[in-house]
Amino acid sequence: MKINHILNGWKNYLDKSEVSENIAKQRAAVCAACPHAKNGKLLAFIKDSLTQVQGAYCTLCSCPLSAKVRSTDICPENKW
Ligand code: SF4
């Protein structure tokens, strides 16, 4: 996971919200069950109301999931 990916993801997160929190919640549940979701040490300090994806990132795109599920981005596996 590269730092610029994290920063871009969080920039999107702070700029947003592009999708409703309800949609983000549904996506977070999908990500939480996905083998590509991993906990990142660099994200460990970030708290999220969507606890399933708190501190996690997607290993396919390197995006922080707290940001990704709230953005207009797409899942690289087309799971959402
Ligand atoms: S964005 Fe898609 S591939 Fe990545 S962790 Fe979530 S469900 Fe898995």
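Source: prediction; values computed, not measured.

Side note on the overall build of the protein chain
At step 1: On a plain count of helices and strands, the protein chain comes out with 3 helices and 2 strands.
At step 2: Secondary structure elements of the protein chain, listed N to C terminal, follow the sequence α-α-β-β-α.
At step 3: Out of the 80 residues belonging to the protein chain, those deemed buried represent 39%.
At step 4: Within the protein chain, contacts between residues separated by at least 24 positions form 49% of all contacts whose residues are at least 6 apart in sequence.
At step 5: As displayed, the protein chain has an accessible area near 4,800 Å², and 54% of this comes from carbon and sulfur atoms.

A word on the pattern of salt bridges
At step 1: Enumeration over the complete set of coordinates arrives at 3 salt bridges.
At step 2: For the salt bridge of Glu21 with Arg70, the shortest nitrogen-to-oxygen distance reads 2.7 Å. Placement of the pair is Glu21 in helix H2 (residues 21–32) and Arg70 in the segment after helix H3 (65–68), with a sequence separation of 49 residues.
At step 3: Arg70 sits in the buried class, given a relative accessible area of 2%.
At step 4: Through salt bridges that share partners, Glu21, Asp48 and Arg70 make up one connected network.

A short note on the site of the ligand
At step 1: Around the ligand, the neighbouring residues are Cys31, Cys34, His36, Ala37, Cys58, Leu60, Lys68, Cys75, Pro76, Glu77, Lys79 and Trp80.
At step 2: Here the residues of the shell around the ligand sort into 8 nonpolar, 1 polar and 3 charged.

Quick notes on the nonpolar core
At step 1: In terms of nonpolar packing, the biggest core is built from 9 residues, these being Ala24, Ala28, Cys31, Leu50, Val53, Ala56, Cys58, Leu65 and Val69.
At step 2: Elements supplying a minimum of two residues to this core: H2 and strand E2 (56–58).
At step 3: No other element matches H2, which puts 3 residues into this core.
At step 4: Setting aside its immediate chain neighbours within four residues, Leu50 contacts Glu21, Ala24, Lys25, Ala28, Val69 and Arg70.

Notes on unusual backbone geometry
At step 1: Although it is not a glycine, Ser62 sits at a positive phi angle of roughly 70 degrees.
At step 2: Ser62 sits in the buried class, given a relative accessible area of 15%.
At step 3: With a phi close to 55 degrees, Asn78 is a non-glycine residue in the positive phi region.
At step 4: Looking at where Asn78 falls in the secondary structure, it is placed in the segment after H3.

Parameters and conventions
- Going along each chain's sequence as written, the residues are numbered from 1 onward.
- Owing to the predicted nature of the model, reporting of local features is limited to residues with pLDDT of at least 70; listing and counting of side-chain atom pairs is limited to 80 or more, with chain, interface and lining totals taken over all residues.
- Side-chain calculation: all heavy atoms of the structure are included, whereas hydrogens and water are not.
- Labels follow the DSSP assignment, with helices taken as runs of H or I lasting at least four residues and strands as runs of E lasting at least two, numbered in each case from the N terminus.
- Accessibility here uses a 1.4 Å probe with only protein chains present; expressed as a share of the type maximum, an area under 20% marks a residue as buried, one over 50% as exposed, and anything in between as partly exposed.
- In what follows, a contact means two residues having at least one pair of non-hydrogen atoms within 4.5 Å.
- Areas reported here follow the Shrake-Rupley algorithm with a probe of radius 1.4 Å; residue values treat only the protein chains shown as occluding.
- The term salt bridge refers to a pairing of a side-chain nitrogen on Lys or Arg with a carboxyl oxygen on Asp or Glu at a separation within 4 Å.
- Only a single heavy atom is needed: when it lies within 4 Å of a molecule or strand, its residue is near that molecule or strand.
- Lys, Arg, Asp and Glu make up the charged group, whereas Ala, Val, Leu, Ile, Met, Phe, Trp, Tyr, Cys and Pro make up the nonpolar group; the residues left over, Gly among them, are polar.
- For this analysis, a nonpolar core means a set of buried residues of the types Ala, Val, Leu, Ile, Met, Phe, Trp, Tyr and Cys, connected via side-chain atoms within 4.5 Å.

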